[in-house]
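Commentary on secondary and tertiary structure
If you want the building blocks of each chain, they are given just below.
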Amino acid sequence: MPCDSVITAEMAWASTTNPTILVESLRAAGYVAQQSGSVVRFSRGTVSGDFNTTTCRMTIRNAEDGTEGQIKIAYSKQVVESQGKRFGWKFDWKTNAAGNLVATVKRRAS
């Protein structure tokens, strides 16, 4: 592959994707992210991308191996945390020996 090539990844997201949670999750994953109208733009190092809230399509430029998965995991964590907040739950996230993300839930006293 020529050295001036740009690797682009495209992902379709669900129509229920919450752009506010997406921005929060991207920031938690170390990206600079902001929403302007119907577009969420983000970048970290040489990786940059955008998410169109109308079409629910994400484009990532200079994607590295695993970038798409990292973004999806960050979004999933943020969704779980936002829903848990409603019940006063807190989460302690760790990766187990098998490489899976595991959350310990701390519930508020009743």
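Up top is the structure.
Here's a quick rundown of the structure. (Residues numbered from 1 in each chain as written. Predicted model: local features only at pLDDT ≥ 70, side-chain atom pairs only at ≥ 80, totals over all residues. Heavy atoms only, no water.)

Quick notes on the side chain of Gln-78
Within the secondary structure, Gln-78 is located in helix H2 (residues 67–85). If we skip the residues at most four places from it in the chain, Gln-78 touches Ile-21, Glu-24, Ser-25 and Ala-28. (Helix = DSSP H or I, 4+ residues; strand = E, 2+ residues; numbered from the N terminus. Contact = heavy atoms within 4.5 Å.)

With respect to helix H1 (residues 19–28)
Taken together, the buried positions of H1 are Ile-21, Leu-22, Val-23, Ser-25 and Leu-26. Lining the buried residues of H1 we find strand E2 (32–36), strand E3 (39–44), strand E4 (47–52), strand E5 (57–61) and H2. The N-capping residue of H1, defined by a side-chain oxygen 2.8 Å from the backbone nitrogen of Thr-20, is Asn-18. Downstream of H1 by one or two residues, Gly-30 has phi in the positive range, about 95 degrees. (Buried < 20%, exposed > 50% of the residue type's maximum accessible area, 1.4 Å probe, protein only. Polar contact = N/O pair within 3.5 Å; in protein donor to acceptor, adjacent residues only side chain to side chain.)

Structural notes on the sheet that holds E2
If you walk across this open sheet you meet the five strands as E1-E5-E4-E3-E2, and the pairing is antiparallel. Two strands in the sheet have a free side with no partner beyond their single neighbour: strand E1 (8–12) and E2. Across the sheet, the axes of successive neighbouring strands diverge by a mean angle of 15 degrees, strand direction being ignored. Contacts from H2 reach E1, E3, E4 and E5, with the element oriented near 135 degrees to E5. (Pairing = 2+ DSSP bridges. Axes fitted to C-alpha atoms, helices over the stretch in contact; angles between N-to-C directions.)

Re the pairing of strand E6 (residues 90–95)
On a regular strand, one side chain projects to one face of the sheet and the next to the other, so that they alternate. With six bridges joining them, E6 and strand E7 (residues 101–106) adopt antiparallel strand pairing. When the sheet's bridge partners are listed, Phe-91 is paired in E7 with Val-105. Connecting E6 to the next strand, E7, in antiparallel fashion are five residues, including Gly-99 with a positive phi near 85 degrees.

Describing the environment of Trp-13
By secondary structure assignment, the location of Trp-13 is in the loop between E1 and H1. Judged by its relative accessible area of 14%, Trp-13 is buried. Residues Trp-13 and Thr-55 lie 42 residues apart in sequence; the distance between their C-alpha atoms is 8.7 Å.

Overview of the side chain of Thr-59
Mapped onto the elements, Thr-59 comes out in strand E5. Non-local contacts of Thr-59, meaning those with residues more than four positions away in its chain, are made with Thr-8, Ala-9, Glu-10, Phe-42, Ser-48, Gly-49 and Asp-50.

None of the figures reported here should be taken as evidence of function without further support.
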